[in-house]
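Per-entry structural report
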Number of protein chains: 2
Amino acid sequence: MSTLIQSTPHADGFRMPAEWEAHAGCWMLWPERRDTWRYGGKPAQRAFAEVARQISRFERVTMGVNGGQFQNARAQLPPRVRVVELSSNDAWSRDIGATFVVNDMGEVRGVDWQFNAWGGLEKGMYFPWDKDELVAAKMLEIEALDRYQAPLIMEGGSIHVDGQGTLLTTEQCLLHPNRNPNLSRAEIEQHLSDYLGVKHIIWLPRGVYEDETDGHVDNLCCFTRPGVVALTWTDDRDDPQRERSAEAYDALKSARDAAGRALEVHKIHQPDPMTMTKEEADGLDVVVSAFLRPAGERLAGSYINFYIANGAIILPQFQDRYDAAARRKLAELFPRREIVSISAREILLGGGNIHCITQQQPAGR
Amino acid sequence: MSTLIQSTPHADGFRMPAEWEAHAGCWMLWPERRDTWRYGGKPAQRAFAEVARQISRFERVTMGVNGGQFQNARAQLPPRVRVVELSSNDAWSRDIGATFVVNDMGEVRGVDWQFNAWGGLEKGMYFPWDKDELVAAKMLEIEALDRYQAPLIMEGGSIHVDGQGTLLTTEQCLLHPNRNPNLSRAEIEQHLSDYLGVKHIIWLPRGVYEDETDGHVDNLCCFTRPGVVALTWTDDRDDPQRERSAEAYDALKSARDAAGRALEVHKIHQPDPMTMTKEEADGLDVVVSAFLRPAGERLAGSYINFYIANGAIILPQFQDRYDAAARRKLAELFPRREIVSISAREILLGGGNIHCITQQQPAGR
């Protein structure tokens, strides 16, 4: 019931809506791999369940889960969360799942990107990623939505759009040789235009320091409405993040969006640098074919990695001195949405945050 | 999104509709186990795909499939069939899946029976059946329909209803000590009333000869409309089936339905006795914990094992001299439905037929 369409969304009049446009719901995946999530995934499962519980106050949440965890996920989640069997190698719905596009008649379709676990055999996070590659198609089958297959390796977290023709991304990730070494910048831009219906791309140089995704934009910077972006920031000139945020700031200030507007840039101060503790690292399986997460490693904490739900912002918090400022800033940027804070260190330990583990499905007609 | 409801369908005003009432669609499961389906399941997969293809001409079909067969099932099935990941131990959607109930407002809910693989550890078909036990709940999660958990071991193929309060079943199956040894006939009747909203139960003695389900009624006899049933028959007095059909005929002729009507009984002559060939048996894995299917074993062939789709009858055929008569009789009994014939020996080799591998979901409001 999900037909593979041979043309492109742009050719068919489809575009990726902004995250703040109305959602039909949100897709998540249940964490369980023991080399990503400490202590058998139990602390992460509690954190994911809390994210699902909070989002489900505002919109339908579907949790995809490997067969062996079906009963446990069902038991951990409130009844209003839909739990479906949907195998994956890890739990990053943003990066693995379909990216949804809509047309002016309110039809919804999905884009299925190629995926290589954030870098493939050399620098990727794990092997194999065979189940991840089928997640988008399976989501679209369940919803009976048609599917486009995009001819490039890309994760949903490496782009943000304003829904009006502008796309934000980073050179570090989208031009990384471990993604699409045979595609030029112009070819990648063409694919983004074809598959997301965007007209103008703003390239930022690098993502967040020590972000293991090779610099996904969704941990660094996002649109909050057309013409307005939020950027992770630090006042600490000795922090390697300072240079990255500053160069992104400069790029944003010199950019124009698809409508020709200059961008209003809001800095959101990052949490203080955090590292993985020995107790946390000791809870992880060592797996030769996967990324090693040693104690003492810096975690790529950022408040930018929030999710925009219908009527709410689901915001990561870190028991940090900057938590309250982030909450206040988001309340100012989204005055008509409830700001829902979630203690998110467990998600960060796995290498991402709330935006990385969610994927909005736009409301159809 | 599928809430477990603690009351019963009857108490909440729900009933199981007759199969001829309007469907939202049909659920199937993809065959793959190599001790049930010869030659790696490939011939059976072709047969199941043909059943799905034909039914999908009339109503939505959802095919549940184990993760490892997702891509293959997707490739073998037409795009209009929805393919979802849904693990099972074998492919009998009728027996494993939810039984759907409706109320007068058109709300739809599901009944989740207990399951022990047609008899449990002693006489059941295989071990384990852990995935089968979750199929009904997973179907209901996908559809976001609420669920009742019935406190008895039962398969959907062991009952038929007229949608007006009457249920047909067999003593051989429902009173078999390998299903619910601690429940009396009266207690079983009470559960059937509570969970299917029926008022009157017609007990037939035995099912079809050598039917490995312990005599499921859906291979023997079914309603074709209120007050009218079809019964598998043989004129051969030396066939052990003759006695079984004759005693069922007598039981039917002496019965009244819930509305007090006598039943009109239509005999449909069975195909000539068939046995599994050596070539067929040689294609099966031998598995100690599963039912052995030796060459020479009689197959429980019956034309009664058809599926009523919206506007069609999906009818098994066996390249048998009685095929045409069965087609004619069904056309007479269902004058406004297209009779779709499917060559079904491959399904029969696994121990059932078209009705056993399908499960209708009634149309809601």
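Preceding this section is the structure that the text describes.
The following refers to the structure shown. (Residues numbered from 1 in each chain as written. Chains lettered and ligands numbered in written order. Predicted model: local features only at pLDDT ≥ 70, side-chain atom pairs only at ≥ 80, totals over all residues. Heavy atoms only, no water.)

What follows is about the interface of chain B and chain A. Listed by partner, the interface residues are 21 residues for chain B and 21 residues for chain A. Where chain B meets chain A, there are four salt bridges. For the salt bridge of A:Arg74 with B:Glu141, the shortest nitrogen-to-oxygen distance reads 2.6 Å. Counting every contact that joins chain B to chain A gives ten residue pairs in polar contact (both at pLDDT 80 or more). (Contact = heavy atoms within 4.5 Å. Salt bridge = Lys/Arg side-chain N within 4 Å of Asp/Glu carboxyl O. Polar contact = N/O pair within 3.5 Å; in protein donor to acceptor, adjacent residues only side chain to side chain.)

Below, the discussion takes up the pattern of salt bridges. Within this structure, the stated rule accounts for 50 salt bridges over all chains. Across the pair B:Arg60 and B:Glu143 runs a salt bridge, and its minimum N-O distance is 3.3 Å. Note that B:Arg60 is positioned in strand β3 (residues 60-65) and B:Glu143 in helix α5 (residues 132-143), a separation of 83 residues in sequence. With a shortest N-O distance of 2.8 Å, B:Arg147 and B:Asp112 are connected by a salt bridge. Remark: B:Asp112 occurs in strand β6 (residues 108-114) and B:Arg147 occurs in strand β7 (residues 147-153); sequence separation between them is 35 residues. The same class applies to B:Arg147 as to B:Asp112, namely buried. Look at the salt bridges and you will find they share partners, linking A:Arg38, A:Glu279 and A:Glu346 into a network. (Helix = DSSP H or I, 4+ residues; strand = E, 2+ residues; numbered from the N terminus. Buried < 20%, exposed > 50% of the residue type's maximum accessible area, 1.4 Å probe, protein only.)

Moving on to the pairing of strand β5 (residues 99-102) of chain A. Residue and element names in this part refer to chain A. Where burial is concerned, the two faces of β5 agree: the one with Thr 99 and Val 101 and the one with Phe 100 and Val 102 are both buried. Across four bridges, the pairing between β5 and strand β6 (residues 108-114) is antiparallel. For Val 102, the partnering residue across the bridge sits in β6 and is Val 108. The turn joining β5 and β6, which pair antiparallel and follow one another in sequence, is formed by five residues; a positive phi near 80° is taken by Gly 106. (Pairing = 2+ DSSP bridges.)

So, on to helix α10 (residues 323-333) of chain B. Residues and elements named next belong to chain B. Asp 323, Ala 326, Lys 329, Leu 330 and Leu 333 are the residues of α10 that are buried. All buried residues of α10 fall inside an arc of 130° around its axis, so they share one side. Turned more than 90 degrees from where α10 packs its buried face, Arg 328 and Glu 332 sit exposed. Here the buried face of α10 lies against β11 (221-225), β12 (228-233), β13 (264-269), β17 (312-317) and β18 (338-343). (Arc of directions from axis to C-beta.)

Residue and element names in this part refer to chain A. On the basis of which strands lie adjacent, the open sheet formed by three strands has the order β8-β9-β10 and mixed pairing. Whereas interior strands pair on both sides, the edge strands pair on one side only; in this sheet they are β8 (160-161) and β10 (200-204). In this structure, β8 lies alongside strand β9 (residues 166-170), joined through two bridges in antiparallel fashion. Counted as the bridge partner of Val 161 is Leu 167 from β9. Lying over the sheet, helix α7 (residues 185-196) contacts β9 and β10, oriented at roughly 130° with respect to β10. (Axes fitted to C-alpha atoms, helices over the stretch in contact; angles between N-to-C directions.)

Now for the relation of the copies chain B and chain A. Take chain B, turn it by 180°, move it 0.0 Å along the axis, and it overlays chain A with an RMSD of 0.0 Å. These values place the two chain copies in the arrangement generated by a two-fold rotation axis. Nearest to the rotation axis, the C-alpha of B:Glu85 is located 3.1 Å from it, this being the minimum over chain B. Mapped onto chain A, 100% of the interface residues of chain B again fall at the interface, so both copies present the same surface. (Least-squares fit on C-alpha atoms with pLDDT ≥ 70 in both.)

A few words on unusual backbone geometry. Following A:Phe127, the chain continues into A:Pro128 via a peptide bond in cis, with omega recorded as -5°. With respect to the helices, strands and loops of the structure, A:Pro128 is situated in the loop between α4 (120-123) and α5 (132-143). Not every positive phi belongs to a glycine, and B:Tyr39 is a case in point at roughly 50°. Within the secondary structure, B:Tyr39 sits in the loop between β2 (23-29) and α1 (42-55).

Next up on the list: the packing of aromatic side chains. Enumeration over the complete set of coordinates arrives at 16 aromatic pairs over all chains. Measuring from centroid to centroid gives 5.8 Å for A:Phe127 and A:Trp129, while their planes differ by 85°, and the two rings are edge-to-face. Seen in terms of ring centroids, B:Phe115 and B:Trp118 are 4.9 Å apart; in terms of plane orientation they differ by 85°. Their pairing is edge-to-face. Taken as a pair, B:Phe115 and B:Trp118 share a single burial class, namely buried. One aromatic cluster in this structure is built from A:Trp37, A:Phe48 and A:Trp92. Its guanidinium or amino end placed over the ring of B:Phe70, A:Lys138 lies 5.1 Å from that ring's centre, counting from NZ or CZ. The ring of B:Trp203 carries B:Arg185 above its face, with NZ or CZ at 4.8 Å from the centroid. (Phe/Tyr/Trp six-rings, centres within 6.5 Å; stacked < 30°, edge-to-face > 60°. Lys NZ or Arg CZ within 6 Å of the ring centre and 35° of its normal.)

Residues and elements named next belong to chain B. Relative to β13, β12 is paired through six bridges, and the arrangement is parallel. Bridging across to β13, Val 229 finds its partner in Val 265. As for the winding sense of the linkage, the β-α-β connection from β12 through helix α8 (residues 240-253) to β13 is right-handed. (Right-handed = clockwise from strand over helix to strand, strands pointing away.)

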